[in-house]
Amino acid sequence: MTDISHSPTDAAPRRDFIRELVAEDVATGRFGRAPATRFPPEPNGFLHLGHAKSICLNFGIAREFGGTCNLRFDDTNPATEDVKYVEAIKRDVQWLGFTWDGEYYASDYFEQLYEIAESLVLKGLAYVDSQNEEEIRTNRGTVTSPGVPGPYRDRSVEENLDLLRRMKAGEFADGTHVLRAKIDLAHPNMIMRDPVLVRIRHAHHYRRGDAWCIYPLYDFAHGLSDAIEGITRSLCTLEFKDNRDIYDWLVQHAGFTSPPTQIEFARLELDYTVLSKRKLLRLVNEGYVRGWDDPRMPTIAGLRRRGVRPEAIRTFADTIGVARKDARIELATFEHTVRDDLNMEVPRVLCVLEPLKVTLTNWPEGHVEMLDASSYPHDVPKTGSRPMPMSRELFIDRNDFMEDPPKKFHRLSPGAEVRLRFGYIIKCEEVVKDDAGNVIELRCTYDAETKSGGSSDRKVKGTIHWVSAAHAHRCEVRLYDRLFSVPDPDDRPEGEDFTTVLNPDSLVTHADAVIEPSVLTDPIGSRYQFERTGYFISDVEDSTPQRLVFNRIISLRDGWAKELKKG
RNA sequence: UGCCCCUUAGCUCAACUGGCAGAGCGUCUGACUCUGGAUCAGAAGGUUCCUGGUUCGACCCCAGGAGGGGCAACCA
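Residues numbered from 1 in each chain as written. Chains lettered and ligands numbered in written order. Predicted model: local features only at pLDDT ≥ 70, side-chain atom pairs only at ≥ 80, totals over all residues. Heavy atoms only, no water.

**Here's the deal with the sheet that holds strand β6 (residues 196-200)**
So, step 1. The antiparallel open sheet is built from 4 strands, whose spatial order is β4-β5-β6-β7. Each edge of the open sheet carries a strand with a single partner, namely β4 (126-129) and β7 (214-216). Pairwise comparison of adjacent strand axes, ignoring direction, gives a mean angle of 20 degrees for this sheet.
So, step 2. Pairing between β4 and strand β5 (residues 178-181): 4 bridges, direction antiparallel. Bridge assignment links Ala126 to a residue of β5, and that residue is Ala181.
So, step 3. Its contacts with the sheet put helix α6 (residues 157-169) on β4, β5, β6 and β7, and the angle it makes with β4 is roughly 65 degrees. (Pairing = 2+ DSSP bridges. Helix = DSSP H or I, 4+ residues; strand = E, 2+ residues; numbered from the N terminus. Axes fitted to C-alpha atoms, helices over the stretch in contact; angles between N-to-C directions. Contact = heavy atoms within 4.5 Å.)

**Considering the protein's contact with RNA strand B**
So, step 1. The environment of RNA strand B is formed by 68 residues, the closest being Arg199, Lys408, Ser452, Gly453 and Gln529.
So, step 2. Those atoms of RNA strand B that come within 4 Å of the protein belong to sugar or phosphate at a rate of 63%.
So, step 3. Between RNA strand B and the protein, one listed contact pairs a base nitrogen with a side-chain N or O atom of Arg419 at 3.3 Å.
So, step 4. Between Lys459 and RNA strand B, the recorded distance is 3.1 Å, taken from a side-chain N or O atom to a phosphate oxygen.
So, step 5. Taken together, the residues of the surface near RNA strand B sort by class into 19 nonpolar, 20 polar and 29 charged. (Near = heavy atom within 4 Å. Polar contact = N/O pair within 3.5 Å; in protein donor to acceptor, adjacent residues only side chain to side chain. Nonpolar A, V, L, I, M, F, W, Y, C, P; charged D, E, K, R; others polar.)

**Considerations on the pairing of strand β20 (residues 439-447)**
Every regular strand shows the same layout, with side chains that alternate between the two sheet faces.
So, step 1. Where strand β14 (residues 355-360) and β20 come together, 4 bridges link them in parallel fashion. Opposite Leu360, over in β20, you have Cys444 as the bridge partner.
So, step 2. Looking at chain direction, strand β19 (residues 425-433) and β20 are connected through 8 bridges and run antiparallel. Bridging from a neighbouring strand, Ile426 pairs with Tyr446 of β20.
So, step 3. Linking β19 back to β20 in an antiparallel pair, the connection comprises 5 residues, with Gly437 at a positive phi of about 90 degrees.

**Things to note about the pattern of salt bridges**
So, step 1. Considering all chains together, one arrives at 53 salt bridges under this definition.
So, step 2. Arg386 is paired through a salt bridge with Glu516; the nearest N and O atoms lie 2.7 Å apart. Of this pair, Arg386 sits in strand β16 (residues 385-390) while Glu516 sits in the loop between β24 (507-515) and β25 (527-530), placing them 130 residues apart in sequence.
So, step 3. With relative accessibility at 7%, the residue Arg386 sits in the buried group.
So, step 4. Judged by its relative accessible area of 1%, Glu516 is buried.
So, step 5. The shortest N-O distance in the salt bridge between Asp542 and Arg478 comes to 2.8 Å. One end of the pair, Asp542, is in the loop between β26 (534-538) and β27 (548-555); the other, Arg478, is in strand β23 (residues 473-480), with 64 residues separating them in the sequence.
So, step 6. Classification of Asp542 as partly exposed rests on a relative accessible area of 32%.
So, step 7. Among the charged side chains, a network of salt bridges with common partners joins Asp293, Arg305, Glu476, Arg478, Asp539, Asp542 and Arg547. (Salt bridge = Lys/Arg side-chain N within 4 Å of Asp/Glu carboxyl O. Buried < 20%, exposed > 50% of the residue type's maximum accessible area, 1.4 Å probe, protein only.)

By themselves these figures say nothing about function.
Laid out in structure tokens, this is it:
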């Protein structure tokens, strides 16, 4: 505190190693232009939390350094891509709160890429290989043994050029020829053993139609697309580290001056879920979830429907940081971020998931009292309240009553007292059961002196939520939980896959819940805290004005559950 | 039996580039409470993967080793 040189104002903001490098670029003027990044999804699936990390990084850097960030679709594989994914991706990026500078498609670069392919042939740096896939693989060697040159490696420039042009013209069938970079079949980096650049695919492309029958591969298209767009730093995940050699080789030999440089960072892994498009696609296709936007999915669309706010996702991305080592994040870290975001934002309401009827025997028949219920707790800097009707017959949650309670159970039990939130202290006088012995009603008395906010200094240990029976609205409440029952669903014994550890209780539906009437005037898609239960949103797809459906976004931290676990 | 990357608290990251290893989350304890939430206070938790070396001084530099991960698609 006494050292003025360390005052908060000149404390350097905490930076990850990538921002460190970008700051250096800016300081040294390395690229001679403002930092330029891009988010390069392939339109073959929906975006998920892992992509959100990359989106926040790429767009965040552009924003912080006064640079630009493009959205570029890496659409070089006609077999798997679709315009519906393009649309979903654009919607998700916007929803996360980012605006791209340029919207580009690798498929728009096919012409330029082809020109570069010819130029590489002319320089003797690429050749047409006519081995089949199997032969190419065999002759590439293995990680521990060098590959050997194939029989077509030393074709003349003229022959290569002729073959390449005829490939483009559609003279050959799929798989008969490929264009390969001519580098070194014995290169210690497998990626550099004459990587395939272009393959023949007589397939319809969702954007280019049938204009092309040859398509570039990732290595050929990606770095060159970056270079064409004037990207400075090309951010990608760790598994592309080895690809950096071919990235650099290509931008150099294509003649780009001041080309982009690739930097790799660790992809996100989150406990109790999977973050791979391939696996998420299986969950959708095999019916384990109800679609890409199922609220249990870690997709952006799923999180949006679940009710998570984009602010929370951005905060999460900041929290986990960016590093060069594998990162598996605890679910608690994500959940804390979601709760923390909602806590300050959303109004509180009362909703009873499993109604148990309570009759207040000393409450005047037919009398309704309107209570004033504040919508925010004292420590949330928001104001507002709604009227809450109270009457002789109420519903409370079934699990707030125990006939034979353990110690420390501060809710209702025979002879015990509890406060009704915003209302009065009640005492359980009688338990009514049906013939099967099920508790079907509680007969209680209330203490008229103990109205909430009144002068009574009577204290009880517990406060419970409730809804007046005559004013209650039936609704459906869907409680979502983790999709998998183990932290790492990918870590399975031989022959078992991630679908064997799906959590059977990832969705629990309460079809006969009741909620206070005040929510009826809110638009569908409104978020709430159901007091003592969790945060919820009215489901945009399935709610109707007659029947609201609520998704649980996240539970509250549950001290009682912890108490139970301790025994 | 190759090349590359990584290793600091349970988790995610710091440590001003060689100067007393810290923060957030989580955990535990306590206080308070008309949400068993939130909030507040406190605590525990470390051989900085190991072994050598350089140095007055090493998480940081050097050498060797261990462990984890990536690479042998005409996927990205």
